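Fold and contact review
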Amino acid sequence: MSGTSLDGVDAALIETDGHGIRHRGASLSLPYTPELREAVYALFAKAHDIAVDAPELRAVERALTDIHVQAVQRILAIEGQVDLIGFHGQTIYHAPKLGRTWQIGDALHLSGQTGLPVIHDFRSADVAAGGEGAPLAPWYHAACLSAWHKSGEDGSDSARPVAVLNIGGVANVTYVGRDGAILAGDTGPGNALLDDWALRHTGIACDRDGALARAGNVDEGCLDKVLSDPFFRRPLPRSLDRQTFAGVLDIVSTLSPEDGAATLVALTARSVAQTALPEAPLRWLVCGGGRHNPSIMRALNEVLAGDVLPVEKLGWDGDMVEAECFAFLAVRSLRGLPLSAPGITGAPELATGGRLSCAAIRPVAGFAS
Ligand SMILES: Nc1ncnc2c1ncn2[C@@H]1O[C@H](COP(=O)(O)OP(=O)(O)OP(=O)(O)O)[C@@H](O)[C@H]1O
Ligand SMILES: CC(=O)N[C@H]1[C@@H]2OC[C@@H](O2)[C@@H](O)[C@@H]1O[C@H](C)C(=O)O
C-alpha cells in the first residue's frame, strides 16, 4: 500500500479467506526518497490529461513499482511463502463523478519480478458502476471489528455504535451501527495539507509529533471558510481526491507557520466531527499515521463525544491496517466477493472488483480451482 501521504510503501502479510483474518505475519515500511515523492507530487497537477504511456509517468511508475518489488522480496525472505499480492498502487487522480480513478503501478512487472499473481486496480469497477471508488478499507475494518466483537474481550459486546477512523493523507471513517450496518466515507483532509504546510515552512514533510501545531492558535475565520465547502455537507458515502483541498494552503498562507498548522489540525478534527452519522459512536478507534500526531489526537478528543483511542487498544497495528486491508481485498477479489456496497462506496449494489495480473503461471495455494 502506498497511500496519499506519499511517505512510502507499507507491506503486510496476512492469512485470510476474504472473510476473517486467521493470522497476521510480517510487515514493514519502505520510505519514498524525497525525489520520488516530488516526482509523484508533480504528476498530481498533470494527471487529468497525461497519457498512460507518457515517458515521465512510466518512469515514476517503474520506480515506485520497484519499491513494491523490494517490499515483497523482504516479506518473502522473512515468511518463506506468499500466495498472492494485493497491489493498491499510487493514486494520482480521483474524480469518480467524472468516471475516473487512477492508481499508477505496473502490476505485470511486480508479478514478473516476484513470480506471484497480483490483484490490482481495486477501485475502477466501483467507479464504473457509479460508486465513489473509495473508501475500501471499511471491508477490512468491519472484519477486524467483527473478530473483536466475537472475542468477548472487555467492552466488546457493548461497543456499538463504533467508528474506525483512518487519518492518512485523507481521513476516512467506517461507522458500524448497533445493528451492525456499515456506513463509510472520507471525512476530509487528514495529514496531507499539514505535511505540505510543514514541508513549506520547516523543510520536513511532516509536523513531527505535532510540535508546530501545538505552538499555534486556530484561526476560526479561515477554518469557517474552509468548512463552508459543500463537500462537508455531503452525506456519506463520499470520497476525496488528495488535492481537492490543496487551495486551503492559500487560505492559510497569511498565517504564521504555527497558527497555520494549528488551523489545519483543527480542520482535520472538525471535519470528522461534522460528518453526519446515524448516532454518535461510543468509541473512535484511530488508525493511520495521524494517530502519531498528539495535536491531532488532542483535537479529536476535544470535538468528539465518544472515547478516542488508537487501534492498538484492540491489539491492531495502526500503521499496517491499510496494507493488511489490500491483502484482504485481494483475496476477496480473487474469490469474487464484494468490494462495492451502497453504504461503503455508494455503488448501487454489491459487486466485486480488482483485476488479476499474472506474469508467471504458478498455482495459488488454496485457490486451485
Ligand atoms: N510522529 C508523527 N508526528 C506527526 N505526524 C506523523 C507522525 N508519524 C506519522 N505521521 C503522519 O502520518 C502520515 C502517514 O500516514 P499514513 O501512512 O497513514 O498515510 P497514507 O496511508 O499514505 O494515507 P492514506 O490513508 O490517505 O492513503 C505522515 O505523512 C505524517 O503526516
Ligand atoms: C482514491 C484514494 O486513493 N483514496 C484513498 C485516500 O486515502 C484515504 C482515503 O482517501 C480513502 O478513501 C482511500 O484510501 C483508503 C485505503 C480506502 O480506500 O479505504
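Residues numbered from 1 in each chain as written. Chains lettered and ligands numbered in written order. Predicted model: local features only at pLDDT ≥ 70, side-chain atom pairs only at ≥ 80, totals over all residues. Heavy atoms only, no water.

This part is about the overall build of the chain. In terms of regular secondary structure, the chain is built from 12 helices and 12 strands. A globule of 369 residues ought to have a C-alpha radius of gyration of about 21 Å, and the chain, at 20 Å, matches this closely. Reported as C-alpha extents along the three principal axes, the dimensions of the chain are approximately 60 × 50 × 40 Å. The 369 residues of the chain split such that 56% are buried. Expressed as a percentage of contacts within the chain between residues at least 6 apart in sequence, the contacts between residues at least 24 apart total 70%. (Helix = DSSP H or I, 4+ residues; strand = E, 2+ residues; numbered from the N terminus. Rg over C-alpha atoms; globule rule 2.2 N^0.38 Å. Buried < 20%, exposed > 50% of the residue type's maximum accessible area, 1.4 Å probe, protein only. Contact = heavy atoms within 4.5 Å.)

Moving on, we get to helix 12 (residues 321-334). Taking 1.5 Å as the rise per residue, helix 12 with 14 residues should run 20 Å; its terminal C-alpha atoms sit 20 Å apart, in good agreement. Here helix 12 lies mainly inside the structure; 12 of its 14 residues are buried. Burial in helix 12 covers these residues: Val321, Ala323, Glu324, Cys325, Phe326, Ala327, Phe328, Leu329, Ala330, Val331, Arg332 and Ser333. Next to the buried residues of helix 12 lie strand 1 (8-16), strand 2 (21-31), strand 3 (85-86), strand 6 (118-120), helix 5 (138-151) and strand 10 (283-287). (Expected span 1.5 Å × (residues − 1).)

Looking now at the pairing of strand 7 (residues 162-167). Of all six residues in strand 7, six are buried, a share of seventy percent or more. Of the two faces of strand 7, the one lined by Val162, Val164 and Asn166 and the one lined by Ala163, Leu165 and Ile167 are each fully buried. Pairing of strand 7 with strand 8 (residues 170-176) involves six bridges; the strand directions are antiparallel. If you follow Ile167 over to strand 8, its bridge partner there is Ala171. A loop of two residues connects strand 7 with strand 8, the two strands running antiparallel in sequence. As paired elements, strand 7 and strand 10 share five bridges and run parallel to each other. Residue pairing for strand 10: Ala163 is matched across the bridge by Trp284. (Pairing = 2+ DSSP bridges.)

Before going further, it helps to spend a moment on the confidence of the model for the chain. Summary statistics for the chain give a mean pLDDT of 95 and a share of 96% for residues scoring 70 or more. Overall fold confidence (pTM) sits at 0.96, and the ipTM for the predicted complex is 0.98. (pLDDT = per-residue confidence, 0-100.)

On the UniProt side, "binding site: ATP" (unreviewed entry) is annotated at positions that read Gly3, Thr4, Ser5, Leu6, Asp7, Gly8, Val9 and Asp10 here. Relative to the assigned elements, Ser5 resides in the segment before strand 1. Discounting residues that sit within four places of it in the chain, Ser5 has contacts with Arg37, Gly168, Gly169, Asn191, Asp195 and Arg242. Along the chain, the position of Leu6 falls in the segment before strand 1. On the basis of relative accessibility, which here comes to 1%, the residue Leu6 falls in the buried class. Ignoring any residue separated from it by four or fewer positions in sequence, one finds Leu6 in contact with Tyr32, Arg37, Val40, Tyr41, Phe44, Gln90 and Arg242. (UniProt positions renumbered as here; feature names shortened; annotations may be inferred.)

Turning our attention to the packing of aromatic side chains. Following the criterion strictly, the structure yields six aromatic pairs and no others. When the centroid spacing of 5.5 Å and the interplanar angle of 85 degrees are considered together, the rings of Phe231 and Phe232 count as edge-to-face. Here Phe231 and Phe232 have matching classes, each one buried. Within the aromatic cluster, the residues linked to one another by ring pairs are Phe231, Phe232 and Phe245. Here the guanidinium or amino end of Arg238 rests over the ring plane of Phe231, the centre of that ring lying 4.4 Å away. (Phe/Tyr/Trp six-rings, centres within 6.5 Å; stacked < 30°, edge-to-face > 60°. Lys NZ or Arg CZ within 6 Å of the ring centre and 35° of its normal.)

What follows covers the sheet that holds strand 3. Taken together, three strands build an open sheet; the order of strands is 3-6-12 and the sheet is mixed. The sheet is open, and its two borders are formed by strand 3 and strand 12 (355-357), each paired with just one other strand. Where strand 6 lies against strand 12, three bridges are found, and the strand directions are antiparallel. Bridge pairing in strand 12 places Val118 opposite Ser357.

The next point concerns the pairing of strand 5 (residues 100-104). Looking along a regular strand, one sees the side chains alternate between the two faces of the sheet. Most of strand 5 sits out of view: four of its five residues are buried. In sequence, strand 4 (residues 90-95) turns back onto strand 5 through a hairpin of four residues, with Gly99 there showing a positive phi of about 80 degrees.

So, on to the site of ligand 2. Taken together, 15 residues form the shell around ligand 2, and within it Thr91, Arg123, Leu136, Ala137 and Asp186 come nearest. Asp186 has a polar side-chain atom sitting 2.7 Å from an oxygen atom of ligand 2. For ligand 2, the accessible surface in isolation is 430 Å², of which the surrounding protein chains cover 97%. Broken down by secondary-structure element, the contributors of at least two residues to the shell around ligand 2 are strand 4, strand 8 and helix 12. By residue class, the composition of the shell around ligand 2 is seven nonpolar, five polar and three charged. (Near = heavy atom within 4 Å. Polar contact = N/O pair within 3.5 Å; in protein donor to acceptor, adjacent residues only side chain to side chain. Areas by Shrake-Rupley, 256 points an atom, 1.4 Å probe, with all protein chains shown as cover. Nonpolar A, V, L, I, M, F, W, Y, C, P; charged D, E, K, R; others polar.)

Enumeration over the complete set of coordinates arrives at 14 salt bridges. One salt bridge connects Arg24 with Glu324, and the closest N-O pair in it is separated by 3.1 Å. Linking Arg24 in strand 2 with Glu324 in helix 12, this pair joins segments that are 300 residues apart in sequence. On the accessibility criterion, Arg24 (36% relative accessible area) is partly exposed. Glu324 sits in the buried class, given a relative accessible area of 5%. Across the salt bridge formed by Asp319 and Arg291, the nearest N and O atoms sit 2.9 Å from each other. Of this pair, Asp319 sits in the loop between strand 11 (307-310) and helix 12 while Arg291 is found in the loop between strand 10 and helix 11 (294-303), placing the two residues 28 residues apart along the sequence. Residue classification places Asp319 among the partly exposed residues on the basis of a relative accessible area of 33%. Salt bridges here are not isolated pairs; linked through shared partners, they connect Arg58, Glu61, Arg62 and Asp106. (Salt bridge = Lys/Arg side-chain N within 4 Å of Asp/Glu carboxyl O.)

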